[in-house]
Amino acid sequence: MALTTSKKMFEQAYKNGYAIGAFNVNNMEIVQGITEACKEEKAPVILQVSKGARAYANHTYLVKLVEAAVIECPDIPVVLHLDHGPDFETCKSCIDGGFTSVMIDYSSHTFEENIAETKKVVEYAHDHGVVVEGELGTLAGIEDEVSHAVGSYTRPEEVEEFVTKTGVDSLAIAIGTSHGAYKFKPEQCTRNEKGILVPPALRFDILKEVSKRLPNFPIVLHGSSSVPQEYVKMVNDNGGKMPDAIGVPEEQLREAARLSVCKINIDSDLRLAMTGTIRKFFNEHPDKFDPREYLKPARANIKEIVRHKLVNVLGCAGKADECK
Ligand code: G3H
Ligand code: 13P
Ligand code: ZN
């Protein structure tokens, strides 16, 4: 099928207690790893492109890679989404350039400015059959070049006014997740009986309060990588230096998906899988220099981590047909 919007996906995800995986794409191997897993697991998928990805790989290359994946995976619905659109112009360029969904992230501006810019994007997007994600609250971490040392939780008392005045189709909220591989400091965590660091729980109270005020409305979680320790170890055992990389526990993401969270953004986990695999390959084969030889296992591990997310975390494996 052709590229689609996330409208039907979110309706089904909300009703049936699962979430759609939104994975960032930057090159061919990442697109292939993600979509091969989705094809085999019959899962709907959102492929998302950041401003940084467009700067790195070029808009046209990314659109064509995603179109190639749609041809190779004709039985699953695929959305092409702009991640963290910084302004109206970037959103317009993606809407005009074949995207089916855009995010306008004006969350670091004032509430009034956020409403005004988001509304402008929604009007243009809806006129072109494209859906829009807005954001309230700011996540800590790094988005493109912008680094937020501290985040601020979403204020539930603002969400109805924001959604009503802007007309957005989904809303990203801040409940304690953050971007990147260092989401929590070790001193914020406790150790469980196996000695593993357990980060503080996400603010499910905020999520529930938001959902009470926005019934049947799809919520989005950014910064939702779980930073698998096997890959952190693989990086560190093979010349890398990523001390204290800690992510969001997967059980909490599964719980969020059972509630009103319909889209879960995952990027850092794929980066870790790719980097760990390539580091290991070079360590074990210092004489090799054919990119296909190290990109092949990297792509295979991206595929397996995505499969794990679809089946065990998001709950969207086998849901492709009902999302069409
Ligand atoms: O939220 C940010 C995403 O992980 C994309 O990262 O801006 O480095 O492409 P990027
Ligand atoms: P992670 O850094 O946790 O993978 O989050 C990705 C994200 O939110 C992309 O928008
Ligand atoms: Zn994000």
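Our subject is the structure listed above.
As the structure is a prediction and not an experimental result, all values here were calculated from the model.

K.L.:
Any chance you could explain the overall build of the protein chain here in plain terms?
P.N.:
The helix and strand tally for the protein chain stands at 12 helices and 12 strands. Against the globule reference of 20 Å for 324 residues, the protein chain gives a C-alpha radius of gyration of 19 Å, in line with a compact fold. Considering only C-alpha atoms, the protein chain reaches an extent of 60 × 45 × 35 Å along its principal axes. When burial is assessed residue by residue, the protein chain has 56% of its 324 residues classed as buried. The long-range share in the protein chain, meaning contacts at least 24 apart out of those at least 6 apart in sequence, stands at 77%. When the accessible surface of the protein chain is split by element, carbon and sulfur atoms take 52% of a total near 14300 Å². Treating the 38 positive side-chain charges of the protein chain as one cloud and the 47 negative ones as another, the clouds have centres 4 Å apart.

K.L.:
I'm lost on the site of ligand 2 in this one. Help?
P.N.:
Around ligand 2, the structure places 16 residues, and the nearest of them are Asp-83, Lys-183, Ser-225, Asp-267 and Ser-268. In this structure, His-84 approaches ligand 2 through a side-chain N or O atom, which is 3.2 Å from an oxygen atom. Contacts to ligand 2 include His-179, whose side-chain N or O atom sits 3.0 Å from an oxygen atom. Contact with the protein chains removes 96% of the 310 Å² of surface that ligand 2 exposes when unbound. Those elements that provide at least two residues to the shell around ligand 2 are strand 3 (78-85) and strand 12 (261-266). Split by residue class, the shell around ligand 2 holds 1 nonpolar, 12 polar and 3 charged.

K.L.:
Is there a simple way to think about the packing of helix 2 (residues 28-41) against helix 4 (residues 59-72) in this case?
P.N.:
For any two helices packed against each other, one specifies the crossing angle of their axes together with the interaxial distance. Contact geometry of helix 2 with helix 4 gives a least axis separation of 10 Å together with a crossing angle of 25°. One element, helix 2, and the other, helix 4, form an angle in the roughly parallel class. Taken as a pair, helix 2 and helix 4 cross one another with a handedness that is right-handed. Contact with helix 2, carried on its side by Met-28, Val-31, Thr-35 and Lys-39, involves Leu-65, Ala-69 and Glu-72 of helix 4 and no other residues of that element. Its residues placed into classes, the contact of helix 2 with helix 4 shows 4 nonpolar, 1 polar and 2 charged.

K.L.:
Would you mind going over the environment of Pro-249 with me for this structure?
P.N.:
Inspection of the secondary structure puts Pro-249 in the loop between helix 9 (229-237) and helix 10 (250-258). It is 33 Å that separates the C-alpha atoms of Pro-249 and Arg-292, two residues lying 43 residues apart in sequence.

K.L.:
Would you mind showing me how to read the side chain of Ser-101 here?
P.N.:
Locating Ser-101 in the fold gives a position in strand 4 (residues 101-104). Accessibility expressed as a relative area gives 5% for Ser-101, which makes it buried. Those residues in contact with Ser-101 that sit more than four places away from it in its chain are Ser-6, Val-79, Leu-80, His-81, Leu-82, Val-130 and Val-131.

K.L.:
I keep staring at the coordination of the zinc ion (ligand 3) and nothing clicks. Help me out?
P.N.:
Working reference: metal with six octahedral donors, ideal angles 90 or 180 degrees; metal with four tetrahedral donors, ideal angle 109.5 degrees. Distances from the zinc ion (ligand 3) to its protein donors, namely His-84 (NE2), His-179 (NE2) and His-222 (ND1), fall within the range 2.1 Å. Counting the intervening residues between successive donors of the zinc ion (ligand 3) yields the motif H-x94-H-x42-H. With a gap of 138 residues between them, His-84 in strand 3 and His-222 in the loop between strand 11 (219-221) and helix 9 connect regions that are remote in the sequence. Comparing His-84 with His-222, the two get one shared label, buried.

K.L.:
Whenever I open this one, the sheet that holds strand 4 confuses me. Can you help?
P.N.:
Within a sheet, neighbouring strands are paired by backbone hydrogen bonds and run either parallel or antiparallel to one another. The strand order around the closed barrel formed by 8 strands is 1-2-3-4-5-8-11-12, and the pairing between neighbours is parallel. Averaged over all neighbouring strand pairs, the angle between strand axes comes to 25°, with direction disregarded. Relative to the sheet, helix 4 contacts strand 2 (45-50) and strand 3, its axis offset from that of strand 3 by approximately 155°. Contacts from helix 10 reach strand 11 and strand 12 within the one sheet, and its direction differs from that of strand 12 by about 145°.

K.L.:
Explanation requested: the pairing of strand 2 in the structure shown.
P.N.:
Across the 6 residues of strand 2, 6 count as buried, placing the element largely inside the fold. Here strand 2 shows a buried face lined by Val-45, Leu-47 and Val-49 and a second buried face lined by Ile-46, Gln-48 and Ser-50. Note that strand 1 (residues 20-24) and strand 2 share 3 bridges and pair parallel. What sits directly across from Asn-24, in strand 2, is Gln-48. Between the parallel pair strand 1 and strand 2, the chain is carried across by helix 2, and the sense of this crossover is right-handed. Pairing geometry for strand 2 and strand 3, over 6 bridges, is parallel.

Procedures and definitions
Residues numbered from 1 in each chain as written. Chains lettered and ligands numbered in written order. Predicted model: local features only at pLDDT ≥ 70, side-chain atom pairs only at ≥ 80, totals over all residues. Heavy atoms only, no water. Helix = DSSP H or I, 4+ residues; strand = E, 2+ residues; numbered from the N terminus. Rg over C-alpha atoms; globule rule 2.2 N^0.38 Å. Buried < 20%, exposed > 50% of the residue type's maximum accessible area, 1.4 Å probe, protein only. Contact = heavy atoms within 4.5 Å. Areas by Shrake-Rupley, 256 points an atom, 1.4 Å probe, with all protein chains shown as cover. Lys, Arg positive; Asp, Glu negative; His and termini not counted. Charge placed at Lys NZ, Arg CZ, Asp CG, Glu CD. Near = heavy atom within 4 Å. Polar contact = N/O pair within 3.5 Å; in protein donor to acceptor, adjacent residues only side chain to side chain. Nonpolar A, V, L, I, M, F, W, Y, C, P; charged D, E, K, R; others polar. Axes fitted to C-alpha atoms, helices over the stretch in contact; angles between N-to-C directions. Parallel < 35°, antiparallel > 145°, perpendicular 65-115°, else oblique. Left-handed = near helix turned anticlockwise from the far one by under 90°. Donors = N, O, S within 2.8 Å, 3.2 Å for Na, K, Ca; no water. Pairing = 2+ DSSP bridges. Right-handed = clockwise from strand over helix to strand, strands pointing away.

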